[in-house]
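# Structural overview
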Amino acid sequence: MTIPGAWRASVLLSDLLGQVPWDAYRQLTGRPEEKMSRPPLLEQPAPPDTRMTTFSSWALDLIWHGNAIGVIAARNFSGWPTAVYPVPAQMCSVRRVTPYTDSPLPVGALEYTIGALKALGSGDVIHIKGPCEPGAVRGMGVLETHLNTFSLAQEQSKQARSVSNHGVPTGVLKSSNPDLTDTEAQDMKAQWLANQSSRSIAVLNAATDFTPLSWNPEELQLVEARKMTLTELELVFGLPVGWLGGQTSSRTYANIEQDAVNLIKFSLAGHLARFEQTLSLAFPRGTQARANLDAVLRSDTLTRYQAHKIGIEAGFLTKDEAREYEHRPPLAEKSEQPDAYQSGPPDMQQPAIGAP
């Protein structure tokens, strides 16, 4: 995570997933789907940490290591999970029990070992698994699949840091003195390096000359190489091209709203689906956990109001439903609230209509 582009990409995706609200929907046989009050597991899965903290840290583990894991810490009276204890993926191991495995779990079950906790079954763990081979018991993250790309980015950072720190261009220090000994040449080289490293002025005699071989980072193709690395990091993390600054021409005419849609559809959709389906398994059959993307895809005020107007005029949206989308109370509650005009001092209040 010391690579700036990799850190930006991972935090962008993890924070976006962490700020998304989660809702639960239940559908009984022969009845329409209804939205439930938000369960504790989706509202605050690991108290006292906030939902943002838990889900964003899970997302980081899912991106980097391919697995996000939490141990179930509390259940309701029906036995369904209400709280979890998130654990780093690096602390966990998982295997499938075989007839030749010494385990208290039945053959074919998944056995988790998390620190000192051993022989945990899949019913005791919430495991969001990243991309994997068919039948694999764990997912693969970007560290496992793209370590060479990160190593190259680190080497480029070292090269740039070396040029910046030393300030000594590669070159040839040439002397036309035929009597120059090896010791004098080494002393002259050391003095040259010392002067250039401290950004001081170097003095050469008439018999000595310096010819730089390469100094400009553009000539070294260091700048272009680092831009290409940013483009590769965008591909590694699944971001649309241009989000890390590697290439910007493709986003010249893109607007912010369309960028958000593309980010959801092509970058975050897979992570969201893995979270939704895994969390749904922690609820009774017929209950689905879904990410509420309205906060991410929220349009500007004028566009939202125009959409509300179309819905109300078409008859599939009521005024109170539109007000709920805008976090406003229903119109029916307006009459129950005190009038701002009547809330002043007694000598400033006007009598209500019909009052004596």
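Overview of the structure. The numbering scheme is per chain: residues are counted from 1 as the chain's sequence reads. Local features in this predicted model are restricted to residues of pLDDT 70 or higher, and side-chain atom pairs are both shown and tallied only at a pLDDT of 80 or more, whereas totals for entire chains, interfaces and linings draw on every residue. Each side-chain value is derived from all of the structure's non-hydrogen atoms; neither hydrogens nor water enter the calculation.

The next subject is the overall build of the chain. In terms of helices and strands, the chain carries ten helices and eleven strands. Using a 1.4 Å probe on the protein chains alone, a residue whose accessible area is under 20% of its type maximum counts as buried, one over 50% counts as exposed, and one in between counts as partly exposed. Looking at the chain residue by residue over its 356 residues, the buried ones come to 32%. Within the chain, counting contacts between residues at least 6 apart in sequence, those at least 24 apart form 56% of the total. In the form shown here, the chain has an accessible surface area of approximately 22600 Å², with 55% of it arising from carbon and sulfur atoms. Helix and strand assignments come from DSSP, with helices taken as H or I runs of at least 4 residues and strands as E runs of at least 2, each series counted from the N terminus. Two residues form a contact once any of their heavy atoms are found within 4.5 Å. All accessibility values rest on the Shrake-Rupley procedure with a 1.4 Å probe; residue burial counts only the protein chains present in the view.

Here the focus is the sheet that holds strand β8 (residues 125-129). Any two strands with at least two DSSP-identified bridges between them are counted as paired. An order of β4-β3-β8 is seen for the three strands of this open sheet, with the pairing classed as antiparallel. On the outer flanks of this sheet lie β4 (81-87) and β8, each paired with one strand and no other. Within this sheet the neighbouring strands show an average axis-to-axis angle of 30°, counted without direction. Bridge count for strand β3 (residues 67-75) against β8 is five bridges, and the pairing is antiparallel. The axes are straight lines fitted to the C-alpha atoms, using for helices just the contacting stretch, and the angles between their N-to-C directions are given from 0 to 180°.

Taking 1.5 Å of rise per residue, 15 residues should cover 21 Å, and helix α3 (residues 51-65) covers 21 Å from first to last C-alpha, within 8% of that figure. Listing the buried residues of α3 in full gives Arg51, Thr54, Phe55, Ser56, Trp58, Ala59, Asp61, Leu62, Ile63 and Trp64. Looking one or two residues beyond α3, the residue adopting positive phi is Gly66, at roughly 80°. Helix span, expected: 1.5 Å multiplied by one less than the number of residues in the helix.

By convention in these notes, a salt bridge is any Lys or Arg side-chain nitrogen within 4 Å of a carboxyl oxygen on Asp or Glu. Tallied over the full model, the rule gives nine salt bridges. Note that Glu34 and Arg26 form a salt bridge whose closest N and O atoms lie 3.2 Å from each other. Among the residues examined, Glu34 registers a relative accessible area of 29% and is labelled partly exposed. Residue Arg290 pairs with Glu33 through a salt bridge whose shortest N-O separation is 2.7 Å. Residue Arg290 is located in strand β11 (residues 287-291), and its partner Glu33 is located in the loop between β1 (22-26) and β2 (34-35); the two are separated by 257 residues in the primary sequence. We classify Arg290 as partly exposed; its relative accessible area is 32%.

Working definition of a nonpolar core: buried Ala, Val, Leu, Ile, Met, Phe, Trp, Tyr and Cys residues. They are joined through side-chain atoms within 4.5 Å. The biggest cluster of nonpolar side chains holds 42 residues, and the ones touching the most others in it are Leu17, Trp22, Phe150, Phe237, Leu239 and Phe275. By size, the runner-up hydrophobic cluster in this structure holds eleven residues, among which are Val71, Tyr112, Leu120 and Val125.

With that settled, consider the packing of aromatic side chains. Within 6.5 Å between ring centres, the rings of Phe, Tyr and Trp (the latter by its six-membered ring) count as paired, and their orientation is classed by plane angle as stacked under 30 degrees, edge-to-face over 60, tilted in between. All chains considered together, the criterion is met by eight aromatic pairs. The criterion for a charge sitting over a ring is simple: Lys NZ or Arg CZ within 6 Å of the ring centre, and within 35 degrees of the ring normal. In this arrangement the basic side chain of Arg290 is found over the ring face of Tyr25, its NZ or CZ atom lying 4.9 Å from the centre.

What follows is about the packing of helix α1 (residues 4-19) against α3. Where α1 meets α3, the closest approach of the two axes is 8 Å, and the angle between their N-to-C directions is 135°. Here α3 runs oblique to α1, going by the angle between their axes. The way α1 lies across α3 gives a crossing that is right-handed. Side by side, α1 and α3 meet where Ala6, Ser10, Leu13, Ser14, Asp15, Leu17, Gly18 and Gln19 of the first sit next to Arg51, Met52, Phe55, Ser56, Ala59, Leu60, Ile63 and Trp64 of the second. Classifying every residue of the contact of α1 with α3 gives nine nonpolar, five polar and two charged. Should an angle lie under 35 degrees it is considered roughly parallel, over 145 roughly antiparallel, and from 65 to 115 roughly perpendicular; all remaining angles are considered oblique. Here is the rule for handedness: rotate from the far helix to the near one, and if that takes an anticlockwise turn smaller than a right angle the crossing is left-handed, while a clockwise turn gives right-handed. Classes in brief: Ala, Val, Leu, Ile, Met, Phe, Trp, Tyr, Cys and Pro nonpolar; Asp, Glu, Lys and Arg charged; the others, Gly included, polar.

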